[in-house]
Amino acid sequence: PSGTTAVSWTASPQTVASTSINKNTTDDSAGNYLHVKAVSAVGNVAYKNISFVVDVTAPTYTTTVGNAHTSSRTNTIDISSLDDNLSGVDKIKLSTKDGTSLESGLFDWTTASNTSYTVVLAPNSSEGMHTVIIQVRDKANNITTKEVSWEYDHTIPTGTLTLKEADGTTNK
């Protein structure tokens, strides 16, 4: 993982003689250390070691769609099992994959929770499969993206029903 982290401190009345950061390259959850050595004007030395964890793991969650096949423009997307054991889950956002506009839903990042979100397709939405993209972001800006799809069909079925009188009797 790459990135820059700003570290600041106040070293008064001491003078900071040296600093170093030891980054654990094999397991980010195992810990990393910032080593600071401070020297006073008369030569007194103090050391401080600060451990920290770098969160490079995206959050996890489960998604389900309320109705896989529906004649309604309204559907629900259930989000459950939100988890991020390091920095914590922060925000959620919904968008469409197929360019279909939503009349309502979560268009901007908003606080994430284990809940059902209602999405409504725009009135001019075509029949067929529609896909919503769900993005969940943790407090370290790691993002997990998933998709849910459903079929929207508002055409009333038509057809012809023919009854044959095989033995000359009918039910009335």
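Shown above is the structure to which this text applies.
## Comments concerning the overall build of the chain
Here is step 1 of the chain: In terms of helices and strands, the chain carries zero helices and twelve strands.
Here is step 2 of the chain: Counting helices and strands in the order they occur from the N terminus, the chain gives β-β-β-β-β-β-β-β-β-β-β-β.
Here is step 3 of the chain: Across the 172 residues in the chain, those meeting the buried criterion constitute 26%.
Here is step 4 of the chain: Within the chain, contacts between residues at least 6 apart in sequence are counted, and of these 51% link residues at least 24 apart.
Here is step 5 of the chain: Accessible area for the chain stands at about 11,400 Å²; split by element, carbon and sulfur atoms hold 48% of it.

## Describing the environment of Asn67
Here is step 1 of the chain: For Asn67, the position within the fold is in the loop between β4 (60-65) and β5 (69-70).
Here is step 2 of the chain: Asn67 gets classed as partly exposed once you look at its relative accessible area, which sits at 38%.
Here is step 3 of the chain: Distance in space between the C-alpha atoms of Asn67 and Glu151 is 8.4 Å, their sequence separation being 84 residues.

## Things to note about the sheet that holds strand β12 (residues 143-152)
Working definition: the strands of a sheet are paired by backbone hydrogen bonds and lie parallel or antiparallel to each other.
Here is step 1 of the chain: Strand order across the open sheet formed by five strands is β5-β12-β11-β7-β9, with mixed pairing between neighbours. A strand with exactly one partner marks an edge of an open sheet, and here the two such strands are β5 and β9 (110-111).
Here is step 2 of the chain: Where strand β7 (residues 89-96) meets strand β11 (residues 128-138), seven bridges bridge the pair, whose relative direction is antiparallel. The residue bridging Lys93 from the neighbouring strand is Gln135, located in β11.

## A closer look at the nonpolar core
Here is step 1 of the chain: Of all hydrophobic cores here, the largest spans 17 residues; its most connected members are Ile77, Ile79, Ile92 and Ile134.
Here is step 2 of the chain: Put simply, the parts of the chain that give this core at least two residues each are β6 (74-83), β7, β10 (115-121), β11 and β12.

## Brief notes about the side chain of Ser125
Here is step 1 of the chain: Its location among the elements puts Ser125 in the loop between β10 and β11.
Here is step 2 of the chain: Accessibility expressed as a relative area gives 9% for Ser125, which makes it buried.
Here is step 3 of the chain: A distance of 2.7 Å separates a polar atom in the side chain of Ser125 from the backbone oxygen of Ala122.

## With respect to unusual backbone geometry
Most of the time, phi is negative for any residue but glycine, and the peptide bond is trans.
Here is step 1 of the chain: The phi dihedral of Ser81 falls on the positive side, at around 55 degrees, and the residue is not glycine.
Here is step 2 of the chain: Mapped onto the secondary structure, Ser81 falls in strand β6.
Here is step 3 of the chain: Of note, the phi angle at Asn141 is positive, near 70 degrees, even though the residue is not glycine.
Here is step 4 of the chain: Along the chain, Asn141 turns up in the loop between β11 and β12.
Here is step 5 of the chain: Assessed through its relative accessible area of 54%, Asn141 is described here as exposed.

## With respect to the packing of aromatic side chains
Centre distance and the angle of the planes are the two values used to describe a pair of aromatic rings.
Here is step 1 of the chain: Counted according to the given criterion, the structure contains zero aromatic pairs.
Here is step 2 of the chain: Here Arg137 stacks its cationic end above the ring of Trp109, 4.4 Å away from the centre of that ring.
Here is step 3 of the chain: Taking NZ or CZ as reference, Lys146 lies 4.7 Å from the ring centre of Tyr61, over its face.

## Focus: the pairing of strand β3 (residues 45-52)
Moving residue by residue along a regular strand, the side chains alternate between the two faces of the sheet.
Here is step 1 of the chain: Bridge count between strand β2 (residues 32-39) and β3: eight bridges; the pairing is antiparallel. Counted as the bridge partner of His35 is Asn49 from β3.
Here is step 2 of the chain: Linking β2 back to β3 in an antiparallel pair, the connection comprises five residues, with Gly43 at a positive phi of about 100 degrees.

Parameters at a glance
- Residues numbered from 1 in each chain as written.
- Predicted model: local features only at pLDDT ≥ 70, side-chain atom pairs only at ≥ 80, totals over all residues.
- Heavy atoms only, no water.
- Helix = DSSP H or I, 4+ residues; strand = E, 2+ residues; numbered from the N terminus.
- Buried < 20%, exposed > 50% of the residue type's maximum accessible area, 1.4 Å probe, protein only.
- Contact = heavy atoms within 4.5 Å.
- Areas by Shrake-Rupley, 256 points an atom, 1.4 Å probe, with all protein chains shown as cover.
- Pairing = 2+ DSSP bridges.
- Core = buried A, V, L, I, M, F, W, Y, C linked by side-chain atoms within 4.5 Å.
- Polar contact = N/O pair within 3.5 Å; in protein donor to acceptor, adjacent residues only side chain to side chain.
- Phe/Tyr/Trp six-rings, centres within 6.5 Å; stacked < 30°, edge-to-face > 60°.
- Lys NZ or Arg CZ within 6 Å of the ring centre and 35° of its normal.

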